Amino acid sequence: MSQIRLGVNIDHVATVRNARGENYPSPLRAAITAQKFGAHSITIHLREDRRHIIDSDLRIIKSKLKIPLNLEIAATKEMLKIALKNKPSFICIVPEKRKEITTEGGLNLNHNRNFLKKLINKLKKNKSRVSLFIEPNIKDIEISKSLNADCVELHTGKICNLINKKKNYTKEFEKIKKAVVFGNNLGLEIHAGHGLNFRSAKILSKIKGIKEFNIGHFLIGESIFISLGSAIKKFKKILK
Ligand code: PXP
């Protein structure tokens, strides 16, 4: 069985940096560290309000990274221009609302379909692989195919919430499974992301045909506890 690719989303390294207006922790350092430890790609979301990743992060990470950079953008003219200029290997089109804390659901594919189609074709001509972040349903997969996307990323927020709350997730699991089979049959590459932790990633990894998982918030949060002890030991040595 081939290994499922892991895309590491480092947005929240930038969140911590921006909280103090400092230049650390560095998203570039996080990207290089993730690369060193076997991440298959690095994901960053350049939001309209630049609340975490900023334009200079995109430029420097793109120039230093050896593994593919996956740039998440909203379907806007501004983001299209930035993506065309920076040419990331992968692009994921995501919905964006100013007041949301995180990307709350998949794209509304009934909205602005003509613009989306033009945007996808321009990005593909510019040699970026294009993915659409959608809800795991058959209709949105069909539309994604008709828009000429290379891949779809299925929003896993709902199943992750059910798993975290120890509720029955069978119906949502079957829905995702059906979406994966349907998408693969149409020739789309299927990815999954949002809200994943060790347990939900393990459960969803049982679905054959998901090629890539993109994981951020939990992974960055968990990293604190995996390395907090080492940082404390280092300070104790310094303070001897
Ligand atoms: N995939 C996409 C398209 C996203 O927009 C995000 C961030 O919302 C993620 C994956 C990662 O989600 P999380 O940070 O919850 O792991």
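The coordinates are above.
Residues numbered from 1 in each chain as written. Predicted model: local features only at pLDDT ≥ 70, side-chain atom pairs only at ≥ 80, totals over all residues. Heavy atoms only, no water.

(A) Structural view of unusual backbone geometry. A cis amide bond links Y24 with the next residue in sequence, P25, at an omega value of -5°. At N148, a position not held by glycine, the phi torsion is positive, near 75°. Relative to the helices and strands, N148 resides in the loop between α6 (138-146) and β6 (151-155). (Helix = DSSP H or I, 4+ residues; strand = E, 2+ residues; numbered from the N terminus.)

(B) Structural context of the environment of L80. With respect to the element layout, L80 can be found in helix α4 (residues 77-86). Separated by 42 residues in the primary sequence, L80 and K122 place their C-alpha atoms 8.6 Å from one another. Sequence-distant contacts of L80, that is, excluding residues within four places in its chain, are made with L119, K122 and L123. (Contact = heavy atoms within 4.5 Å.)

(C) Up close: helix α7 (residues 157-164). Buried residues of α7: G157, I159, C160 and I163, and no others. Along the axis of α7, the buried positions cluster into a sector of 165°, meaning they face one direction only. Against β6, α8 (170-185) and α9 (198-204) lie the buried residues of α7. Backbone geometry just after α7 places K166 at a positive phi near 55°. (Buried < 20%, exposed > 50% of the residue type's maximum accessible area, 1.4 Å probe, protein only. Arc of directions from axis to C-beta.)

(D) Structural detail: the side chain of D57. Topologically, D57 is positioned in helix α3 (residues 55-64). With relative accessibility at 6%, the residue D57 sits in the buried group. With residues up to four places along the chain from it excluded, the contact list for D57 reads A14, R17, P27 and H52.

(E) Spotlight on the pattern of salt bridges. The full count for this structure, using the stated rule, is eleven salt bridges. Across the pair E212 and R5 runs a salt bridge whose closest N-O atoms are separated by 2.8 Å. On the criterion of sequence distance, the pair formed by E212 in strand β8 (residues 210-215) and R5 in strand β1 (residues 5-9) is long-range, its members being 207 residues apart. Judged by relative accessible area, R5 falls into the partly exposed class, the value being 25%. Among the salt bridges present, the one from R51 reaches D49, with a minimum N-O distance of 3.1 Å. Owing to a relative accessible area of 27%, R51 belongs among the partly exposed residues under this scheme. You can call D49 partly exposed: its relative accessible area is 35%. What emerges from the salt-bridge pattern is a single network uniting R5, R129, E189 and E212. (Salt bridge = Lys/Arg side-chain N within 4 Å of Asp/Glu carboxyl O.)

(F) Quick peek at the packing of aromatic side chains. Under the definition given, this model contains one aromatic pair. Relative to F218, the ring of F198 has its centre 5.0 Å away and its plane inclined at 85°; by these criteria the two rings are edge-to-face. In this pair, F198 is assigned in helix α9 and F218 in helix α10 (residues 217-238), connecting sequence segments 20 residues apart. Using a relative accessible area of 27% as the deciding quantity, one classes F218 as partly exposed. The positively charged end of R129 is found above the aromatic ring belonging to F90, 3.4 Å away from the centroid. (Phe/Tyr/Trp six-rings, centres within 6.5 Å; stacked < 30°, edge-to-face > 60°. Lys NZ or Arg CZ within 6 Å of the ring centre and 35° of its normal.)

(G) Molecular detail of the packing of α7 against α8. The interhelical angle for the contact between α7 and α8, taken along N-to-C directions, is 150°, at an axis separation of 9 Å. With respect to α8, the element α7 is oriented roughly antiparallel. Here the hand of the crossing between α7 and α8 comes out left-handed. Residue-level inspection shows K158, I159 and L162 of α7 in contact with α8, the latter providing E172, F173 and I176. For the contact of α7 with α8, the per-class residue count stands at four nonpolar, no polar and two charged. (Axes fitted to C-alpha atoms, helices over the stretch in contact; angles between N-to-C directions. Parallel < 35°, antiparallel > 145°, perpendicular 65-115°, else oblique. Left-handed = near helix turned anticlockwise from the far one by under 90°. Nonpolar A, V, L, I, M, F, W, Y, C, P; charged D, E, K, R; others polar.)

(H) Summary view of the layout of surface pockets. Reported here for the largest pocket is a volume of approximately 1,500 Å³. Every element with two or more residues in the lining of the largest pocket is listed here: β1, α1 (11-20), α2 (27-36), α9, β8 and α10. With twelve residues, α10 is the single largest residue contributor to the lining of the largest pocket. Partitioning the lining of the largest pocket into residue classes produces 24 nonpolar, 13 polar and three charged. Size it by volume and the second largest pocket reaches roughly 740 Å³. Surrounding the second largest pocket, 34 residues form its lining, H12, T102, H194, G195 and H217 being those nearest its centre. Breaking the lining of the second largest pocket down by element, the ones donating at least two residues are α1, β6, α7, β8 and α10. No other element matches the five residues that α7 contributes to the lining of the second largest pocket. For the lining of the second largest pocket, the class distribution of residues is eight nonpolar, 18 polar and eight charged. (1 Å grid on protein atoms, 1.4 Å probe; cavity = no way out; pocket = protein on both sides within 12 Å on 5 of 7 lines; lining within 4 Å. Points joined across faces, edges and corners; volume = space filled by probe spheres on them.)

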